[in-house]
Amino acid sequence: MQDATVAARASEATSSTTQQLDVAVVGAGFAGLYLLYRLRKAGFTTLLLEEAGDVGGTWYWNRYPGARCDIQTIDYSYTFDPDLESAWQWSEKYATQPEILRYLGFVADRYELRRDIRFQTKVTAANWDEATERWLLKTDNGAAISCRYYIMATGCLSAPKPPEIDGVKDFKGEVYFTGRWPHEEVKLAGKRVAVIGTGSSGIQSIPLISEQAAQLTVFQRTPNFALPAHNGPPPAERIAMLQGDRAGYREQARWSMAGVPYPQQTAVSWQLSDAERRERFEQAWATGDLVYILTQLWADQGVDVEGNALLAELIREKIHATVKDSDTAAALSPHDHPFGAKRPCLDTNYYATYNRPNVTLVNLRQEPIKQITASGIRTDKRAFDVDVIVFATGFDAMTGAIMAVHPITGRGGKSLSDVWANGPQTYLGLTVAGFPNLFMITGPGSPSVLSNMAVSIEQHDDWVVDRLVAMREAGFTTVEATDTAQAGWTRHMADCATLTLHRLANTWYTGANVPGKAQGVMPYTGGVGPYRSICNEVANGGMLGFRLTGPNVSEQCNDGEVVRLQPDVRLVLGMLTEMNLPPIESLGAQGARDFVNEFNKGRPAGRPVGEVGVGALQGADGPLPYRLYRPATPGPHPIVVYFHGGGWVLGDEQSDDPFCRDMCRRTGMIFVSVGYRHAPEHRFPAAAEDGCAATRWIAEHAADLGGKPGPVMVAGWSAGANIAAVTCQLARDRGGPEISGQLLVCPVTDCTFDRPSYTDNATGYFLTRSLMYWFWDIYCSPADRTDPRASPLRGKLDGLPSALVATCEFDPLRDEGVAYAEALAAAGVPVEQLKARGHFHSSLTMVDVVITGVSARVQMAEALRRFAGLPAEGVRTGRTASPQEINAAAG
Ligand code: FAD
Ligand code: NAP
């Protein structure tokens, strides 16, 4: 029946006339099938072109033994039609390739999709005709196509990678590629089989091949992390959750980070004991679920090198416990990449397979393959005679299938391969500037392969079709991303890539698996839910970043960048908005203090330092509490006197605890956080005078505190940075103490509100203009505000210690911080400016929440070490470790 359908379509299309369409879709996998369903329903004339002989995409081509999904099948399904969901029952937790292929065939039948699919037809070139504003597609079978919109649903993992090994053609035996496995049965019984490659495809197929083959030799270049799938029937509790509230379950998946409805994990590794971490790990190991182990153990495992290493080590233990031969176990244990930075695999008996007498592992790191010969594979140490070679060597991922259509020429005849010569650039992963009316589904820049693809695909398809419908209603016939929007998306992608550890591994995510391919993290690492909200923002913002034209309507272009905030700042601000908090200034001083204390309870605990001590020091008018953070390294250490933020009204010596811990760890210095007096009980100049007195007392008691005698440094955030700046001026004028450097983070430096940042960032970024009014009113009478002890920008600035002034783009205080840095420089003070792009007032002190603030804190720590006369290289960078550092650490 299917073959008959294929034949009928092929002959019908063999026409010399060009076929005219509204939309041409390429690819009959998950993405193309749903697109066809939606486009047809929306009334567009649509044809789907597919190289294969039937529907299925990935599941049509990858028929190798053991091929299954690695996202639980109840999640890896279409969700657009509840009736479809009840009409199909999955038999297993992770369905096999034949079952998934049957499912896609069932979908094609149910919605009668095959009648608009031309199979066995490869699209070979695509050209935008500027005169007609249509795409012209060439194919290798049947009529050429002229279409208004060209949608490439060509798949991220659909272009198998060539073997890149000399001599493949000389081999006299059988050769198979996992990504192009034959339809007829491959008989391996009694044969000597080689498998090259130990990614997901190799790891799934090796156990089954070993059961058939007389001898199996596995050629491994890089070991991968693999977890037991514990396959079986779909887990009862997940089924119950789904059936209990199907719509809610699906909606949660759509807004989750990975497209599977798991909650956000908040516990961090250093809050858990070894025993607690092990217990969580064992539970995850028993669960057999990639997304679970990637997201549910501890919150820092995917974003922090140290948190990740704890998990990687536990997995390596499991490998050693399973594989009997210790050399083989060592060779199978990955050390060159963080867990999850490369796609981990789900396996069934993978590691145990190496205990079989007929299985040998060849470690290509020790003996690289030299060539393939007529009789087998030769490494630089030995020759292996085999009857069959299976290439499980992966794909030219994300861009391979797109670039295989060559050329794709857009406006002005520009070729996509030239435009992407240095790496793919897109807007939203869906469109490319200069290529009107071209859409890519799960293209580079989409969350695609870092998510449950079924969820991402439905979102992309819906978004594209909804836009086409809206354009039609408004009379527009072309849509094209602007250069500004695309550049903004590229920058946002890069910002997201700094959040996770994916950039620290050589993988197909980064293009590193294909020789000569431009490298960079290609999928969107910011998460499925955030991506969805960004796409919605674009649509709701009048197609932000797109130019729309039509024959009878005026051009529309709402140009701009959709995300200018750092990705984690965007999430934090979004959460704060959702909490619908009352303005802090409406709570009164005590109410505001209670609120801030309560709020701080919900933040991640600071990281361990050598010791945290408390004590009292002498302030300007009596004792003040302090909190001392001592590094774990042997002392004496240089001392930094720290002043917390809070508008001279809120906070205390504990309120910036995570920041003090983080800076203590990074700098290797003692941080003494001072509990200076607050307004309204103690108005100006109490806080300023306490700052100076406390610094003097600490300098005088440096040795008692375990610090290095001699100059101290001062640091502060917000109003605390104001106190630090004032302290430097007072210490200079009052004959000490000696201060060797000042770190001013988002400082208050002046009492006027007329700089642009007070207007640009007046609301919406937590610290508001009206809250700053309130702080000033409580702290200082209008007459006193121009006093340099309140507005240090108005003081004398020469002769002050070296400074680092950090400012954040979306902070009302940004411009007065910049003004202070410029004024210091003009006065001859050595000053370094740190302008944190995309950050808000609290970004740099929200340790382990705003992770993109790490590089700023590293820079601040380097500055403090310079102020103390220490080499900047001693700074602990933590999660910003480079791949080289990881490799070195791994030995
Ligand atoms: P595909 O399914 O790749 O379909 C693209 C189609 O386009 C192909 O049929 C191809 O022949 C056709 N095509 C390409 N170029 C042309 C052209 N020029 N002309 C004509 N036709 C063309 N993802 C998950 O989320 N969970 C999983 O468990 C999972 N398991 C996977 C297992 C394997 C073995 C592989 C390789 C991938 C897996 N993936 C998984 C990713 C998988 O690719 C997606 O989940 C999904 O199937 C992709 O659907 P798609 O329609 O976007 O692309
Ligand atoms: P892959 O992860 O890229 O693995 C390819 C393997 O081949 C790697 O071990 C690679 O080594 C090795 N290799 C490549 N070229 C080689 C060469 N010239 N010489 C020696 N070794 C070579 O590809 P894949 O296994 O096909 O998986 C790709 C992706 O598809 C997966 O990550 C996953 O997303 C998806 N997939 C999912 C499943 C599933 O379980 N549902 C199954 C299969 C695939 P290096 O690492 O050193 O490059």
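All residue numbers refer to position in the chain's written sequence, counted from 1. Each chain takes a letter, starting from A, and each ligand takes a number, starting from 1, following the order in which they are written. With the structure being a predicted model, the display of local features is reserved for residues of pLDDT at least 70 and the display and counting of side-chain atom pairs for 80 or more, all residues being used for whole-chain, interface and lining totals. Only hydrogens and water are set aside; all other atoms, that is, all heavy atoms of the structure, feed into the side-chain values.

(A) Expanded view of the environment of threonine 373. Secondary structure elements follow DSSP: runs of H or I no shorter than four residues count as helices, runs of E no shorter than two count as strands, and numbering proceeds from the N terminus. With respect to the element layout, threonine 373 can be found in the loop between β13 (369-372) and β14 (376-379). C-alpha of threonine 373 to C-alpha of leucine 548: the two residues are 175 residues apart in sequence and 57 Å apart in space. In this structure threonine 373 touches Asp170, Phe171 and Arg378, once residues within four positions along its chain are discounted. Contacts were defined at the residue level, with two residues in contact if any of their heavy atoms lie within 4.5 Å.

(B) Expanded view of the site of ligand 2. Only a single heavy atom is needed: when it lies within 4 Å of a molecule or strand, its residue is near that molecule or strand. For ligand 2, the set of nearby residues contains 27 residues, the closest of which are Arg68, Ser201, Gln204, Arg221 and Thr222. Polar contacts here mean pairs of N or O atoms no more than 3.5 Å apart (in protein, one a potential hydrogen donor and the other a potential acceptor; neighbouring residues in sequence count only if both atoms are side-chain atoms). In the model, a nitrogen atom of ligand 2 is placed 2.9 Å from a nitrogen or oxygen of the lysine 161 side chain. Within the backbone of glycine 199, an N or O atom sits 3.5 Å from an oxygen atom of ligand 2. Each accessible area is a Shrake-Rupley result for a 1.4 Å probe, and residues are judged covered by the shown protein chains and nothing else. Protein chains bury 90% of the 910 Å² of accessible surface belonging to ligand 2 in isolation. The element best represented in the shell around ligand 2 is helix α6 (residues 200-212), accounting for three residues. Residue type decides the class: Asp, Glu, Lys and Arg count as charged, Ala, Val, Leu, Ile, Met, Phe, Trp, Tyr, Cys and Pro as nonpolar, and the leftover types, Gly among them, as polar. Along the lines of polarity and charge, the residues of the shell around ligand 2 split into 10 nonpolar, nine polar and eight charged.

(C) Looking closely at the pairing of strand β24 (residues 639-643). For every residue, the accessible area obtained with a 1.4 Å probe (protein chains only) is divided by the maximum for its type, and the residue is called buried under 20%, exposed over 50%, and partly exposed between those limits. β24 sits mainly inside the fold: five of its five residues count as buried. Of the two faces of β24, the one carrying Ile639, Val641 and Phe643 and the one carrying Val640 and Tyr642 are both buried. Of the strand pairs in this sheet, β24 and strand β25 (residues 670-674) are connected by five bridges, and their pairing is parallel. Each residue of the ladder has a partner; that of valine 641, found in β25, is valine 672. By convention, a crossover is right-handed whenever its connection, traced from the first strand over the helix to the second and viewed with the strands pointing away, goes clockwise. As a crossover connection, the stretch from β24 through helix α21 (residues 657-667) into β25 is right-handed. For two strands to be treated as a pair, DSSP must find at least two bridges joining them.

(D) Expanded view of the packing of helix α16 (residues 453-474) against helix α18 (residues 528-540). In the contact formed by α16 and α18, the axes pass within 11 Å of each other and the chain directions differ by 0°. Judged on the interaxial angle alone, α18 and α16 are roughly parallel. Between α16 and α18, the contacting residues are Val455, Ser456, Gln459, His460, Trp463 and Arg467 on the first element and Val528, Tyr531, Arg532, Cys535, Asn536, Val538 and Ala539 on the second. Across the contact of α16 with α18, the residue classes tally to seven nonpolar, four polar and two charged. Between N-to-C directions, angles cover 0 to 180 degrees, with each direction set by a line fitted to C-alpha atoms, over the stretch in contact for helices. When an angle is under 35 degrees it counts as roughly parallel; over 145 it counts as roughly antiparallel; between 65 and 115 it counts as roughly perpendicular; any other value is oblique.

(E) Quick look at the pattern of salt bridges. Any carboxyl oxygen of Asp or Glu within 4 Å of a side-chain nitrogen of Lys or Arg constitutes a salt bridge here. All chains considered together, the criterion is met by 52 salt bridges. Each of Arg40, Glu112, Arg115 and Asp116 takes part in salt bridges that share partners, so that together they form one network.

(F) Representation of α18 in the model. Helices are assigned an expected span. That span is 1.5 Å times one less than the residue count. Between its first and last C-alpha atoms α18 spans 18 Å; for 13 residues at 1.5 Å apiece the expected length is 18 Å, and the two agree. Among the residues of α18, those classed as buried are Val528, Gly529, Pro530, Tyr531, Arg532, Ile534, Cys535 and Val538. Each element contacted by the buried residues of α18 is listed here: α8 (246-255), α16, α17 (483-497), β20 (546-550) and α19 (567-579). Just beyond α18, the residue with positive phi is glycine 542, at close to 65°.

(G) Region of the structure containing the environment of threonine 763. Examined against the element boundaries, threonine 763 turns out to sit in the loop between α24 (756-760) and α25 (769-779). Judged by its relative accessible area of 58%, threonine 763 falls in the exposed class. In this structure the C-alpha to C-alpha distance between threonine 763 and threonine 18, which are 745 residues apart in sequence, comes to 56 Å.

(H) Looking closely at the nonpolar core. Ranked by size, the top nonpolar core spans 103 residues in total, and within it Phe30, Tyr78, Tyr427 and Leu428 carry the most contacts. Sorting elements by how many residues they give to this core places α16 first, with nine residues. Each residue touching phenylalanine 30, except ones within four places of it in the same chain, is listed here: Trp59, Tyr76, Ser77, Tyr78, Ile100, Tyr103, Leu104, Ala454 and Ile457. Core analysis: the second largest hydrophobic core is formed by 68 residues, Leu624, Val641, Trp648 and Val672 among them. Throughout, nonpolar core names a set of buried Ala, Val, Leu, Ile, Met, Phe, Trp, Tyr and Cys residues whose side chains join them through atoms within 4.5 Å.

(I) Seen up close, the state of the cysteines. Counting rule for disulfides: a pair of cysteine sulfur atoms within 2.5 Å. As enumerated under the stated definition, the model contains zero disulfides in all. Lacking any disulfide linkage, cysteine 746 is separated from the closest cysteine sulfur, that of cysteine 808, by 3.7 Å.

(J) Molecular detail of the site of ligand 1. Around ligand 1 lies a shell of 33 residues, among which Glu50, Thr58, Asp70, Tyr76 and Met453 are the nearest. Within the side chain of tryptophan 61, an N or O atom sits 3.1 Å from an oxygen atom of ligand 1. The contact in question runs from an oxygen atom of ligand 1 to an N or O atom on the side chain of tyrosine 76, over 2.5 Å. Surface burial for ligand 1 is 95%, taken as the share of its 970 Å² of free accessible area covered by protein chains. At the level of secondary structure, the elements contributing two or more residues to the shell around ligand 1 comprise α2 (30-41), α3 (58-61) and α16. The leading source of residues in the shell around ligand 1 is α3, at three residues.

(K) Representation of the packing of aromatic side chains in the model. Each Phe, Tyr or Trp ring, with Trp reduced to its six-membered ring, pairs with another whose centre is within 6.5 Å; inter-plane angles below 30 degrees give stacked pairs, above 60 give edge-to-face pairs, and intermediate values give tilted ones. In the structure shown here, the tally under the stated rule is 46 aromatic pairs. A ring pair is formed by tryptophan 88 and tryptophan 90, whose centres lie 5.6 Å apart and whose planes are at 70°; its orientation type is edge-to-face. By relative accessible area, tryptophan 88 is classed as buried at 15%. Classification of tryptophan 90 as buried rests on a relative accessible area of 10%. Taking 5.3 Å as the distance between ring centres and 90° as the angle between the ring planes, the aromatic pair formed by tyrosine 350 and tyrosine 354 counts as edge-to-face.

(L) Region of interest: the sheet that holds β14. Taking strand neighbours across the sheet as the criterion, the three strands line up as β13-β14-β15 in an open arrangement whose pairing is antiparallel. Two strands in the sheet have a free side with no partner beyond their single neighbour: β13 and β15 (383-385). Taken pair by pair, the neighbouring strands of this sheet meet at an average axis angle of 20°, ignoring direction. In this sheet, β14 lies alongside β13 in antiparallel orientation, the contact comprising three bridges. Across the sheet, the residue bridging to glutamine 371 is arginine 378, located in β14.

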